[in-house]
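Understanding the architecture of this molecule
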Amino acid sequence: MKDGDTMMGQTLSRVVESRNPNYNKGDLVLYYSGWRDRFVVSNPEEARPWMLQKADYIPEGCQSSLALGVLGMPGATAYFGLLEICKPVKAGETVLVNAAAGAVGAVVGQLAKIHGCRVVGFAGSDEKVEYLRQIGFDEAVNYKTMVSLDDVLRTVCPNGVDIYFDNVGGAFSDTVLTHMNQYGRVSVCGCISQYNNTTASLGPRMQGLMISKQIRMEGFLVLRWKERWMEAMDHLAKLIREDKLKFRETVVDGFENAPDALIGILTGTNLGKMVVRCHP
């Protein structure tokens, strides 16, 4: 991006006028419009399916904003990032998730629990740690108050780590990889610790460890599974209806406060999905 570009992002919007028979006034639609409070789609039929879709699959009684979170891109990221990248996910395995109280991490942990795994989460405040315990994590750690990650892992993952869902990268991941078990799987979803780096950082070379422990590590972009998108949405919606999947949102009111909300994500002020409500 360059100065003057519209900030990228997805919106949940209500149709205020339509000349297309497939979209009626009042419909809720998801669209990658960027940061705008209104926009025009000239030809919806030419939009790629993942770019524009109706948000008509939200369970009755749930807020429509879930289409931006647990029933949207973050939910699909958790679903495919765990169940596809780390397959097979087996009962009794230890799953470690960092940024675990975020929109993706919290869903990953709960899906792992549903599959019978032991789940360990790391988050950045005592409030978030308590939340992780409330939604079923077996162990939850405030990484900001720990002294040694290596020592903590020996305590909370005494039998090693089978699956590592990584949202953070950096030195944290360097340490976790040394605790991986044979045939461990690593899903590289994000590297938030590195996003503001202006120079490339150097870290341990892990190839030898990955060979000796036969670890499989894979990065991904969730749109790899765009043709299976509704598979994830239907599965997650079913879990919500059955009260097996919990969620939280941090709502910021006012379009003008969107930059503060973005900064809040990068500094970890949100619990669950960060949502900007443009028109309360």
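Here the structure is a predicted model, which is why all the values come from computation and not from measurement. (Residues numbered from 1 in each chain as written. Predicted model: local features only at pLDDT ≥ 70, side-chain atom pairs only at ≥ 80, totals over all residues. Heavy atoms only, no water.)

Looking at the state of the cysteines
Formally: Any two cysteine sulfur atoms lying within 2.5 Å of each other are counted as a disulfide. Burial here depends on accessible area, computed with a 1.4 Å probe over protein chains only, as a share of the maximum for the residue type. Under 20% is buried, over 50% is exposed, and the range in between is partly exposed.
Under the defined criterion, the tally for this structure stands at 0 disulfides. No disulfide involves cysteine 189; its nearest neighbouring cysteine sulfur is the one of cysteine 191, lying 9.8 Å away. Taking relative accessible area as the criterion, cysteine 189 reaches 23% and is therefore assigned partly exposed.

Considerations on the pattern of salt bridges
What counts is decided by this rule: When a carboxyl oxygen of Asp or Glu lies within 4 Å of a side-chain nitrogen of Lys or Arg, that pair is called a salt bridge. A run of H or I in DSSP counts as a helix once it spans at least four residues, and a run of E counts as a strand once it spans at least two, with each numbered from the N terminus.
Tallied over the entire structure, the rule returns 15 salt bridges. Across the pair glutamate 84 and lysine 87 runs a salt bridge, and its minimum N-O distance is 3.2 Å. The closest approach of N and O atoms between lysine 113 and aspartate 138, which form a salt bridge, is 3.0 Å. With a gap of 25 residues between them, lysine 113 in helix H2 (residues 105-114) and aspartate 138 in the loop between helix H3 (126-134) and strand S6 (139-142) connect regions that are remote in the sequence. A cluster of three or more residues bridged by salt bridges with shared partners is formed by Glu84, Lys87, Arg228 and Glu231.

Some details on the nonpolar core
Selection criterion: Only buried residues count toward a nonpolar core. Its members are Ala, Val, Leu, Ile, Met, Phe, Trp, Tyr and Cys residues joined through side-chain atoms within 4.5 Å. When checking whether two residues touch, look at their non-hydrogen atoms; a contact exists if any pair is within 4.5 Å.
Core analysis: the largest hydrophobic core is formed by 53 residues, its most contacted members being Leu71, Leu82, Leu132, Met233 and Leu236. Elements supplying a minimum of two residues to this core: strand S2 (28-31), helix H1 (73-83), strand S4 (94-98), H2, strand S5 (118-123), H3, strand S7 (161-166) and helix H7 (229-241). Broken down by element, this core gets its largest block of residues, 7 residues, from H7. Contact partners of leucine 132, with chain neighbours within four places excluded, come to Ala100, Ala101, Gly121, Ala123, Phe137 and Ala140. Counting residues in hydrophobic clusters, the runner-up holds 19 residues, among them Tyr164, Phe172, Leu177 and Met206.

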